[in-house]
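Residue-level listing of the chains:
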Amino acid sequence: MFEIIEKLKKEIAGIKNDVEISSVGRVIEVADGVLKIQGLRSAMSQEMLTVETKNGDVSAVVLNLEENSIGAIVLGDFKKIKTGDEVKSTGEVLGIKVGSELIGRVVNPLGEPVDGKGEIWKSGTTPTSYPIEKKAPSVLEREFVKVPLHTGIKAIDSMIPIGRGQRELIIGDRQTGKTSIAIDTIVNQQKEKGQKIPICIYVAVGQKESNVAKTISELESAGAMKYTVVVLAGASTPAALWYLAPYAGCAIGEYFMDKGEDALIIYDDLSKHATAYRQISLLLRRPPGREAYPGDIFYLHSRLLERSAKLSKEKGGGSLTALPIIETQLSDVSAYIPTNVISITDGQIYLEADLFYQGIRPAINAGLSVSRVGSSAQTKAMKKVAGKLRLELAQFRELQAFVQFASDLDEGTKNKIKRGQMITEILKQDDASPLPFESQVLVFYAALNSYFDDVEINNLKIVEEKYLDYMRGRHDKDVIEPISQTKELQPAIEEKLKAAIGNFKKTL
Amino acid sequence: MKYSPLNFARAFTDVLRDTPKDGHPALYKRFAMVLENNNALNDAPKILEKIKKIIAREDGISIIKIETARELKNPLILKIKSLFDKASDFSLKTNPELIAGLKITIDDETSIDNSLQRKLKCLK
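Residues numbered from 1 in each chain as written. Chains lettered and ligands numbered in written order. Predicted model: local features only at pLDDT ≥ 70, side-chain atom pairs only at ≥ 80, totals over all residues. Heavy atoms only, no water.

With that settled, consider the sheet that holds strand β16 (residues 370-371) of chain A. All names here are of chain A. With respect to topology, 8 strands assemble into an open sheet ordered β8-β12-β11-β13-β14-β10-β15-β16, the strand pairing being mixed. In this open sheet, the two strands that pair with only one neighbour each are β8 (106-107) and β16. Strand direction decides the pairing type here: strand β10 (residues 169-172) and strand β14 (residues 319-327), joined by 3 bridges, are parallel. Each residue of the ladder has a partner; that of Ile170, found in β14, is Ile325. In this fold helix α4 (residues 209-221) packs onto β8, β11 (199-205) and β12 (228-233), with an angle of close to 175° to the strand it touches most, β12. (Pairing = 2+ DSSP bridges. Helix = DSSP H or I, 4+ residues; strand = E, 2+ residues; numbered from the N terminus. Contact = heavy atoms within 4.5 Å. Axes fitted to C-alpha atoms, helices over the stretch in contact; angles between N-to-C directions.)

Here is the structure:
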C-alpha cells in the first residue's frame, strides 16, 4: 500500500504542467502501410513521426518530402490510422538502441525484443542510440583487410578466403545451402583460438518464421547465441520493417566496430530487401525504373555494404565483415539485383544447384567464385598448403569431360583426373560441421602432398575423419597447437606432421 | 482524368483573383458545374477547405481551430481570440476527450496543447 502511494506521489510530482507547442500535420491518405501527411513543413528525411490515433500512438518514418505533402511509412499497425489523424514530429532521426545487452537476443528492426525473454534494457538506464542510416567510414579511416575470418568450410577458407572487414556475397538459387554457409561461419567463430570471438549479427529479412526459429535453435545448440544477435523482420511483418532490418543490423554491428571489436553481419537475404523497397517506392509513387525497381536501388545496397569496413588503428581497429546473401532465379547471375550487389562486394561465393544435386556439398563453383582480398586474408599455413588447390581444380574441370574415357588416356592426364576427383571429394563437407583452420591445414597437407593417393575415392571421407581423430588424439600439443598459435607451418612442425601421417597410414 | 481537390482549389482561386466582384456569383455557378462534369461533387467539402486555406495564406490570415473539453462562455472565447490577430479565421469545437483544458491549432501546422489528455499521456 505504502509503495503504491509513493509511486503515485512520484507520478503526481512528475506531471509537467507546461503547455506544449509543436509542429503538427494531418493524415490525408493512408493505404498499405504508407501515409500521405499534410503539414510538418520542417520535417527531416528519415525523421520519426508519431501518429495519434484513437487506439494509441503509431510510429512512422518520413521517406518522401514533396512540395505539398510528406510520404511516410508506418512502423506498426497501419489499420489503426485514419485520415484526419494528427501527426507530430519527434525531431529525431530513426535510430536503434545498441549495447552489449543485445547479445543473445532476438529483436525486431526497431530494437524491440521478440524472443519473449523480457526487456533488454534495465529500467533507469539510457542506452546509446545509433542512427539507422549513417555515413560509411571514409578512405582515411580504413585499413587493409589482412586478418582472416575463417568460415570453417574447407572450400571457402582454402580458395575464397574472407578477411575481417571484407564484404563477400553468397549467391545461388533457392535451397543450395546459402544460409547453411552463413550459419556455419557463425558457429565456427568460437573455434578460433588466440583471437576474440567476433560479435555475429544475423539479419533475417522476409524469412519464414519457422525457418528463423530453426536457425536460432541451431545456433543455441552450438553455443553460438552467446555472441550472436538476431534481427528479425519475418515474412508476416510489414514491408517497412523488411526495408529497415539490414540497416538496423548494420547499426548494431557499427556499435561494436566503433568499440574496437570485430563483428560479422549476415544479411539473409538482400533480394527480399530489394523487393520490399520496390513495394514501398511504388506505394510512395516514386517513378519505377528497370523491373519496376526505383532508380536508387543500387544506392540502397551500396550505402549499406559500404558501412562494413576494417577501421584503422587510430579509429580503434575494429571491423565489420558482411556476408550478404542474394537468391538468384534459375542461376541467372546476370539479373539486375545480383549484378548490382556483385559489383559492390569484394567477391562472391557462387552456389550451383547442379553441383548440389550431384552430391557436391557445399555446392560451391570454385571457378565462378572469387575473393578480391585473396591470400592477404589467409594464414601462412593455409597459403602454403592450399596455394595450388585452385589451379589443380581448374585443370580438373578442363579435363572433366574425359572422365568417362579414363582408360584411353595417357598417364599424366589420368593422374590429373584422379587428383581432381580426390580434391573434389576432400572439399565436400557435411552441413553444420565447420572445421577449424588448423584441422583444414592438416587435411590439405596430407591430400595435396599425395599421402591419400592410394585411398579409394569412396573411402576418403572416412579416412579423413580417422586421420583428424588420430592427429587430435596423439599430436594435439606438438603439431596442432603450434599451427593454431603461430598460424604458420614451420619446417620443424612440418617434419613432425610428415612423420605423424606416415604412422597414421600404417594404422589403415 | 481525376483531378485532386488541391488542383480544383488552385484553379478556382486563380480565376477568382482575375474575376471582378460582380462576376463572383456567376463564377461560383460555373465552378459547381465544372465539379459536376468532373464527378468531383463528393470532394466538394475537401475542395472548399483547400480554397479557404489558399485564400487565407494569400491574404495573410491565420486559420485558428480552438478545441475545448467543454463549451466555453462568450467572455472566455473573446479572451482567447484576443491573443491572436483580429483578422484570423476562428472555429470552435468541443471535444470531451481532452478531459480539461484546450488545444489550439494554427493553420493546421502548429499546435498549442494545454489539455489534460496530453499531460496524462506524458505520464505513461
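Right, let's get into the packing of aromatic side chains. Residues and elements named next belong to chain A. Evaluation of the coordinates by the stated rule reveals 14 aromatic pairs over all chains. For the pair Tyr243 and Tyr277, a centre-to-centre distance of 5.3 Å together with 20° between the ring planes defines the contact as stacked. Taken together, the residues span a long stretch of sequence, with Tyr243 in helix α5 (residues 239-258) and Tyr277 in helix α6 (residues 270-283) at a distance of 34 residues. The pair formed by Tyr243 and Tyr277 is uniform in burial state, with each residue classed as buried. Ring geometry for Phe452 against Tyr467: centres 5.6 Å apart, planes inclined by 85°, an arrangement best described as edge-to-face. In this pair, Phe452 is assigned in the loop between α13 (437-448) and α14 (460-474) and Tyr467 in helix α14, connecting sequence segments 15 residues apart. Relative accessible area serves as the criterion here: at 0%, Tyr467 is assigned to the buried category. (Phe/Tyr/Trp six-rings, centres within 6.5 Å; stacked < 30°, edge-to-face > 60°. Buried < 20%, exposed > 50% of the residue type's maximum accessible area, 1.4 Å probe, protein only.)

Time to look at the interface of chain A and chain B. The interface is formed by 23 residues belonging to chain A together with 19 residues belonging to chain B. Between chain A and chain B, a total of about 1700 Å² is buried, with carbon and sulfur atoms accounting for 42% of that surface. The three residues of chain A that bury the most area against chain B are Glu20, Val24 and Arg41 of chain A, which together make up 24% of that side's buried surface. Taken together, the links from chain A to chain B amount to 5 salt bridges. Here Arg26 of chain A makes a salt bridge to Asp108 of chain B, at a shortest N to O gap of 3.7 Å. (Buried area = accessible area lost by both parts, 1.4 Å probe. Salt bridge = Lys/Arg side-chain N within 4 Å of Asp/Glu carboxyl O.)

Our focus in this paragraph is a nonpolar patch on the surface. Residue and element names in this part refer to chain A. The grouping of Ile4, Leu8 and Ile12 at the surface amounts to a nonpolar patch, some 320 Å² of accessible area in total. Within the fold, Ile12 resides in helix α1 (residues 2-14). By relative accessible area, Ile12 is classed as exposed at 61%. (Patch = residues over 30% accessible without salt bridge, like charges linked within 9 Å, V, L, I, M, F, W, Y side chains within 5 Å. Areas by Shrake-Rupley, 256 points an atom, 1.4 Å probe, with all protein chains shown as cover.)

This paragraph deals with the nonpolar core. Residues and elements named next belong to chain A. The biggest cluster of nonpolar side chains holds 73 residues, and the ones touching the most others in it are Ile186 and Phe452. Take this core: its biggest share by element is 9 residues, from α13. Leaving out residues up to four positions away in the same chain, Ile186 has contacts with Cys200, Tyr202, Leu219, Ala224, Tyr227, Thr228, Leu264 and Ile266. Core analysis: the next-biggest nonpolar cluster, separate from the first, contains 63 residues, Val205, Tyr247, Tyr336 and Ile344 among them. (Core = buried A, V, L, I, M, F, W, Y, C linked by side-chain atoms within 4.5 Å.)

Here we take up the pairing of strand β5 (residues 70-74) of chain A. Residue and element names in this part refer to chain A. In terms of burial, β5 is a largely internal element, 5 of the 5 residues being buried. The alternating pattern of β5 places Ile70, Ala72 and Val74 on one face and Gly71 and Ile73 on the opposite face, and all of these are buried. As judged from the 4 bridges shared by strand β2 (residues 34-39) and β5, these two strands associate in the antiparallel manner. In the strand pairing of β5, Lys36 is matched with Gly71. In this structure, strand β4 (residues 56-65) lies alongside β5, joined through 5 bridges in antiparallel fashion. Among the inter-strand pairings, Leu65 is bridged to a residue of β5, identified as Ile70. Hairpin connection, β4 to β5: the antiparallel pair is bridged by 4 residues.

Attention now goes to helix α16 (residues 491-507) of chain A. Residues and elements named next belong to chain A. Over its 17 residues, α16 extends 25 Å from the first C-alpha to the last, a length consistent with the 24 Å expected when each residue adds 1.5 Å. Listed in full, the buried residues belonging to α16 are Ile493, Glu494, Leu497, Ala500, Ile501 and Phe504. Taken around the axis of α16, the buried residues stretch over an arc of 120°, which confines them to a single face. In this structure, α16 carries Pro491, Ala492 and Lys506 as exposed residues pointing more than 90 degrees from its buried face. Against α10 (380-386), α13, α14 and α15 (476-486) lie the buried residues of α16. (Expected span 1.5 Å × (residues − 1). Arc of directions from axis to C-beta.)

Take the side chain of Thr321 of chain A next. Residues and elements named next belong to chain A. Within the element layout of this structure, Thr321 appears in strand β14. In this structure the side chain of Thr321 is engaged in a polar contact, spanning 2.8 Å, whose partner is the backbone nitrogen of Gly165. Not counting residues up to four positions away in its chain, the partners in contact with Thr321 are Leu149, Ile162, Gly163, Arg164, Gly165, Gln166, Ala263, Leu264 and Ile265. (Polar contact = N/O pair within 3.5 Å; in protein donor to acceptor, adjacent residues only side chain to side chain.)

Turning our eyes to something else, we now look at unusual backbone geometry. Residues and elements named next belong to chain A. The omega torsion across Asp268 and Asp269 is -5°, close enough to zero to call that bond cis. By the secondary structure assignment, Asp269 is in the loop between β13 (262-268) and α6. Cis peptide bonds are those with omega within 30 degrees of zero, and the linkage from Arg361 to Pro362 qualifies with 10°. Summarising the element assignment, Pro362 is placed in the loop between α9 (353-357) and β16. Backbone geometry places Asp32, a non-glycine residue, at a positive phi of 55°. The residue Asp32 is located in the loop between β1 (20-31) and β2 in this model.

All right, on to the environment of Leu76 of chain B then. By the secondary structure assignment, Leu76 of chain B is in helix α4 (residues 74-81). For the pair Leu76 of chain B and Ile55 of chain B, spaced 21 residues apart in the sequence, the C-alpha separation amounts to 28 Å.

As a further point, take the packing of α6 of chain A against helix α7 (residues 297-305) of chain A. Residue and element names in this part refer to chain A. For the pair α6 and α7, interaxial distance at closest approach is 10 Å and the crossing angle is 130°. Put simply, α6 runs oblique to α7. Remark: the crossing between α6 and α7 carries right-handed chirality. Residues Leu270, His273, Ala274 and Tyr277 of α6 touch α7, and the partners they reach there are Ile297, Leu300, His301, Leu304 and Leu305. Tallied by class, residues from the contact of α6 with α7 come to 7 nonpolar, 2 polar and no charged. (Parallel < 35°, antiparallel > 145°, perpendicular 65-115°, else oblique. Left-handed = near helix turned anticlockwise from the far one by under 90°. Nonpolar A, V, L, I, M, F, W, Y, C, P; charged D, E, K, R; others polar.)

Glancing now at the pattern of salt bridges. This model, assessed by the stated rule, comprises 42 salt bridges over all chains. Note that Glu143 of chain A is salt-bridged to Lys310 of chain A, the shortest N-O span being 3.7 Å. One end of the pair, Glu143 of chain A, is in the loop between β9 (128-131) and α2 (154-159); the other, Lys310 of chain A, is in the loop between α7 and β14, with 167 residues separating them in the sequence. Classification of Glu143 of chain A by relative accessible area gives partly exposed; the value is 22%. Each of the salt bridges in this network shares a partner with another, and the network as a whole consists of Arg26 and Glu86 of chain A together with Glu49, Lys53, Lys65, Lys103 and Asp108 of chain B.

To continue, consider the pairing of β13 of chain A. Within a regular beta strand, the side chains point alternately toward one face of the sheet and then the other, so they alternate between its two faces. All names here are of chain A. For β13, a buried count of 6 out of 7 residues is recorded, marking the element as mostly surrounded by other parts of the structure. Relative to β13, β11 is paired through 6 bridges, and the arrangement is parallel. Its bridge partner being in β13, Cys200 is matched across the sheet by Leu264. For β13 and β14, the ladder comprises 6 bridges, and the chain directions are parallel. Among the inter-strand pairings, Asp262 is bridged to a residue of β14, identified as Ser319.

That's the geometry; what it means functionally is another story.
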